[in-house]
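Per-entry structural report
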Amino acid sequence: MKFSIVDPEEIEEGITTDVYFLRTEEILRKKGINPWVVAEVTVSDIKNPPIGSIRGDWGVLAGTEDVAHLFEKKSVDIYAMEEGTIFYPNEPVLRIEGRYLDFARYETPLLGFLCHQSGIATKAARARLAAGDVPLISFGTRRQHPALALIIERCAYIGGMDGVSNVAAARHLGIRASGTMPHSLIICFSDQKKAWKAFDEVIDKSIPRICLCDTYCDEKTEAIMACETLGNSLHAVRLDTPSSRRGNFRKVVEEVRWELDIRGFKDVGIFVSGGIDEQDIIELRDIVSGFGVGSSVANARAIDFALDIVEIEGKPCAKRGKRGGKKQIYRNWETMEDEIRIDDGKEGLLKPLIRDGEIVRKFSLERARERVMKQLRVLNRSK
Ligand code: PCP
């Protein structure tokens, strides 16, 4: 199997499932049991600390488009929150209605789509809240299997990041790939100045000149060298200081800022990367012009969603730790506070996604991202 990637057909057939679901199917079929059920996807706990003084016990839903394609032409009805909706623990983000054997084996890929993608989108949204308006670029696809590049960058973008570095992913997303320069470029020239000059001569003029300034010398020494080398064409310096040298990174950035300013380079920005997470963003956002964030978003912890039957043949049921009955969520959009009630037919956050096997929703990357940004503004106001 090239690059260890399963075929999409195996996902669609429900083969990428846990074996106990196939055993369950075999038993229920042999015993002639196939009840009409309602099953809900919820997460019991979101262990995320506050971002500054903003609550952290929420997640951003992502992956519903993949879920829709997974269940297309299957005899189920699915209701789900819109992609990009902020959710809280214990509230259903998605609900399936149908005969259990029509979807049993798909629990694994269903949860896989939602857990992984919502984890990344949530972490990106946390970085967004921490950064305010300071630009955030996703640099992290190198930390995961390349088959996941588009998923990672799409969820990072939906979560509120401004750009992505992965070329293939950016192309699929219809946005321009963003990035600077690697240490390898400088090392190939064995000279920072020659490498920066070559970048300036060769690379399309529309690309901002952001010189990496931490390869051989102290950050401020190289930042001054970059200004003297590229002058007015220099847009910013990138500090990717390794942890072995980082110490108090804010003090390093402040020092670089001072030395640039006193030499008249007040317009040259300072872009930082390397192990950046929300806490670093909060500590640096007032003195930097942008962040490159890799591992902390690309390797984000998955949201531990579970799928649980909550109604069988019209009667509420639930395992311990879960609440029975078919629910709907009603949100006060001014305060982002939710009320969970037994579904009484009134419109709530759970809206039709699949109706008898047909996708009944249009998907938009930009609308999903704007939905996140709008909700983050409310969370920020409500702190
Ligand atoms: C890394 C590379 C990534 C940055 C750090 C973000 O630096 O620039 O884009 O990665 P992180 O948030 O996962 O730490 P290096 O590993 O030095 O790579 P390069 O020399 O290509 O910049």
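Taken together, the residues surrounding the ligand are Phe 139, Arg 142, Arg 143, Pro 182, His 183, Arg 238, Asp 240, Gly 274, Gly 275, Gly 294 and Ser 295. Take Arg 142: an N or O atom from its side chain is 3.3 Å from an oxygen atom of the ligand. Starting from 490 Å² of accessible surface for the ligand in isolation, the protein chains cover 79%. Taken together, the residues of the shell around the ligand break down into two nonpolar, five polar and four charged.

In this structure, Phe 3 takes a positive phi of about 60° despite not being glycine. By secondary structure assignment, the location of Phe 3 is in the segment before α1 (8-12). Given the relative accessible area of 59%, Phe 3 is considered exposed.

Negative charge collects at one region of the surface, where Asp 7, Glu 9, Glu 12, Glu 13, Glu 72, Asp 356 and Glu 358 lie side by side. Topologically, Asp 356 is positioned in the loop between β16 (351-355) and β17 (358-359). Take Asp 356: its relative accessible area is 59%, and that puts it in the exposed class.

This part covers the domain arrangement of the chain. Parsing the chain into structural domains produces domain 1 (2-121 + 301-381) and domain 2 (132-298). Just the C-alpha atoms count here: the centres of domain 1 and domain 2 sit 36 Å apart. Listed per partner, the contact involves 19 residues of domain 1 and 18 residues of domain 2. Buried surface at the junction of domain 1 and domain 2, summed over both partners, amounts to about 1,500 Å²; 66% is from carbon and sulfur atoms. Summed over the three residues of domain 1 that lose the most area to domain 2, namely Ile 120, Leu 365 and Arg 369, the buried surface amounts to 43% of that side. For the interface between domain 1 and domain 2, the tally reads three salt bridges.

Analysis parameters
- Residues numbered from 1 in each chain as written.
- Predicted model: local features only at pLDDT ≥ 70, side-chain atom pairs only at ≥ 80, totals over all residues.
- Heavy atoms only, no water.
- Near = heavy atom within 4 Å.
- Polar contact = N/O pair within 3.5 Å; in protein donor to acceptor, adjacent residues only side chain to side chain.
- Areas by Shrake-Rupley, 256 points an atom, 1.4 Å probe, with all protein chains shown as cover.
- Nonpolar A, V, L, I, M, F, W, Y, C, P; charged D, E, K, R; others polar.
- Helix = DSSP H or I, 4+ residues; strand = E, 2+ residues; numbered from the N terminus.
- Buried < 20%, exposed > 50% of the residue type's maximum accessible area, 1.4 Å probe, protein only.
- Patch = residues over 30% accessible without salt bridge, like charges linked within 9 Å, V, L, I, M, F, W, Y side chains within 5 Å.
- Salt bridge = Lys/Arg side-chain N within 4 Å of Asp/Glu carboxyl O.
- Lys, Arg positive; Asp, Glu negative; His and termini not counted.
- Charge placed at Lys NZ, Arg CZ, Asp CG, Glu CD.
- Domains from an automatic or database assignment.
- Contact = heavy atoms within 4.5 Å.
- Buried area = accessible area lost by both parts, 1.4 Å probe.

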